[in-house]
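Geometric and topological summary
These are the residues of each chain, in order.
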Amino acid sequence: MKDKNKKERKSLRRQQRAYDRMAKQWLRDTRLLSYLIKDGVPPLASDPIEAIRGYIETDTDQIPYASGEIAFSSGAYVEPDLLFGMKKKSWQAYGNADFQKDMPKAYDLESRKNLYVAAMVCNQVGKKVDYNALRPVYSMWVVNDFRIKKSELEIKKEWIEKTEGSQVTRNEPKEGMMNLATFKIGNEIREDDKDSLKVLHYLFKCEEEKKANEKLRAYGFTMEEDQRRVRKMCNLSQGLIEKGREEGRNEGRKEGAVKASVDAIRRFSKKFNIPIEEAYQTQAEGLTRQQARIVRSRLNLK
C-alpha cells in the first residue's frame, strides 16, 4: 500500500510538471496574452483584441521566455516567466505574465507579486535616474489552483485620498506606476465571466476536448496545432482536476470539524459559566494539531 501511494505521488508530480510546461507555453502565445491585457490593463480595455495584439512589442506570435533575472543590489533576484513591452502611439508600458499552478503555502503570493512589480520599475533605472523615462508596469498572474471553483479577476488599484480640513475626497488615478492583475481560473465557467477567464478556463481546465475546441475557435484558436495542444492539456487536466476536488472535499470536512469544535466550546463555556480556556481544555480532544491551532486562533486563545 505504501509503495502504491509513493508511485501515485510520483506520477502526479510528473503530471504536474508536464502540465506546468504546457501552461507556460500557452502563456507565451500573443493571442492569449492579448485577452489578459484587454482585461488586466485598464488603459487598453476598450481596444479591439487584434489591435492589442499589435501593441505587444514582439516580432513573433510567441513571447520569448524571460532571459536572465532581475537582480537586486543585495545579490537576490527574481525570475519572471515572461517580460514584454507594450506600445500604443505615445503610451508605453512594461508587462510580465507569470503562471502559478496553485496557491502556495510556503510564502505569501501577494508579497511575491508586489516584489515583481517593484523590481520591474527599478529595472528601468540606469546609472542616471530619469523619472520622466519610467514606464508604468503591469504584472499579470494566472493562478490555476484546482480547488478554485469559480473564476475571478482581481485588479489592484491605488487610491489617492486628500484631506482639507474635515473634507475628505478619495480619487482613483487613471493609471498608477505599479499595477497588478490576478486571473484565478475556476473549475466552472459563467456566461458573464470576462473573455480572458473563459479562454483560460478552456485552455487550462479542459475536461471535454471537443467542447473546449469549439469554444476556443470563437477566440481565434483555430489551428491544428492548437487542437493538438488542447488535447494534451485535457489529458493532463483530468487527474489534476479530480485531485483538486478531492482536496477541496477534504478541506471542507476539516473546516466542518473546526467550526463544530469552536461552536461547542463557546456553548459549553456559556452554559457552565467557565472561561473559554477551560472549556477548550475539556472539549478539544480528538482534534489534530493543525485543527487545534486553528480553533485556538478563532477563540482568541494564545
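Everything in this summary refers to the structure shown in the same document. (Residues numbered from 1 in each chain as written. Predicted model: local features only at pLDDT ≥ 70, side-chain atom pairs only at ≥ 80, totals over all residues. Heavy atoms only, no water.)

1. Considering the nonpolar core
- Ranked by size, the top nonpolar core spans 47 residues in total, and within it Leu 32, Leu 36, Ile 37, Phe 84, Leu 203 and Phe 204 carry the most contacts.
- Every residue in contact with Phe 204, bar those within four places of it in the chain, is listed here: Tyr 19, Ala 23, Trp 26, Leu 32, Phe 99, Val 142, Asn 144, Phe 146, Ile 185, Met 233 and Ser 237.
- Listed in part, the 13 residues of the second largest apolar core include Ile 70, Leu 109, Tyr 116 and Leu 180. (Core = buried A, V, L, I, M, F, W, Y, C linked by side-chain atoms within 4.5 Å. Buried < 20%, exposed > 50% of the residue type's maximum accessible area, 1.4 Å probe, protein only. Contact = heavy atoms within 4.5 Å.)

2. Observations concerning the packing of helix 2 (residues 30–40) against helix 5 (residues 195–204)
- Taken N-terminus to C-terminus, the directions of helix 2 and helix 5 make an angle of 145°; their axes are 8 Å apart at the nearest point. For the pair helix 2 and helix 5, the sense of crossing is left-handed. Residues Leu 32, Tyr 35, Leu 36 and Asp 39 of helix 2 touch helix 5, and the partners they reach there are Asp 195, Ser 196, Val 199, Leu 200, Leu 203 and Phe 204.
- Split into classes, the residues belonging to the contact of helix 2 with helix 5 amount to seven nonpolar, one polar and two charged. (Axes fitted to C-alpha atoms, helices over the stretch in contact; angles between N-to-C directions. Helix = DSSP H or I, 4+ residues; strand = E, 2+ residues; numbered from the N terminus. Left-handed = near helix turned anticlockwise from the far one by under 90°. Nonpolar A, V, L, I, M, F, W, Y, C, P; charged D, E, K, R; others polar.)

3. Brief notes about helix 5
- Of all 10 residues that make up helix 5, nine are buried, and the element is covered over most of its length.
- Burial in helix 5 covers these residues: Ser 196, Leu 197, Lys 198, Val 199, Leu 200, His 201, Tyr 202, Leu 203 and Phe 204.

4. As for the pairing of strand 9 (residues 178–184)
- Extensive coverage of strand 9 is indicated by the burial of six of its seven residues.
- Across five bridges, the pairing between strand 6 (residues 152–156) and strand 9 is antiparallel. Paired with Leu 153 across the two strands is Phe 183, which belongs to strand 9. (Pairing = 2+ DSSP bridges.)

5. Section: the pairing of strand 4 (residues 91–100)
- By the criterion of burial, strand 4 is predominantly enclosed, with eight of the 10 residues buried.
- Sheet topology places strand 3 (residues 82–88) next to strand 4; seven bridges connect them, and they run antiparallel. Note that in strand 4 the partner of Gly 85 across the bridge is Tyr 94.
- What sits between strand 3 and strand 4 in their antiparallel hairpin is a turn of two residues, with Lys 89 showing a positive phi close to 55°.
- With seven bridges joining them, strand 4 and strand 5 (residues 137–143) adopt parallel strand pairing. Bridge pairing in strand 5 links Asn 96 to Ser 139.
- The parallel pair strand 4 and strand 5 is bridged by helix 4 (residues 109–122), and the resulting crossover is right-handed. (Right-handed = clockwise from strand over helix to strand, strands pointing away.)

6. As for the pattern of salt bridges
- Across all of its chains, the model carries 13 salt bridges by this definition.
- Among the ionic pairs, Glu 225 bridges to Arg 228, the shortest N-O distance being 2.6 Å. Linking Glu 225 with Arg 228, this pair stays in helix 7 (residues 224–272), spanning three residues, or about one helical turn.
- Judged by its relative accessible area of 34%, Glu 225 falls in the partly exposed class.
- If you follow the salt bridges from partner to partner, you end up with Asp 20, Lys 24 and Asp 81 in one network. (Salt bridge = Lys/Arg side-chain N within 4 Å of Asp/Glu carboxyl O.)

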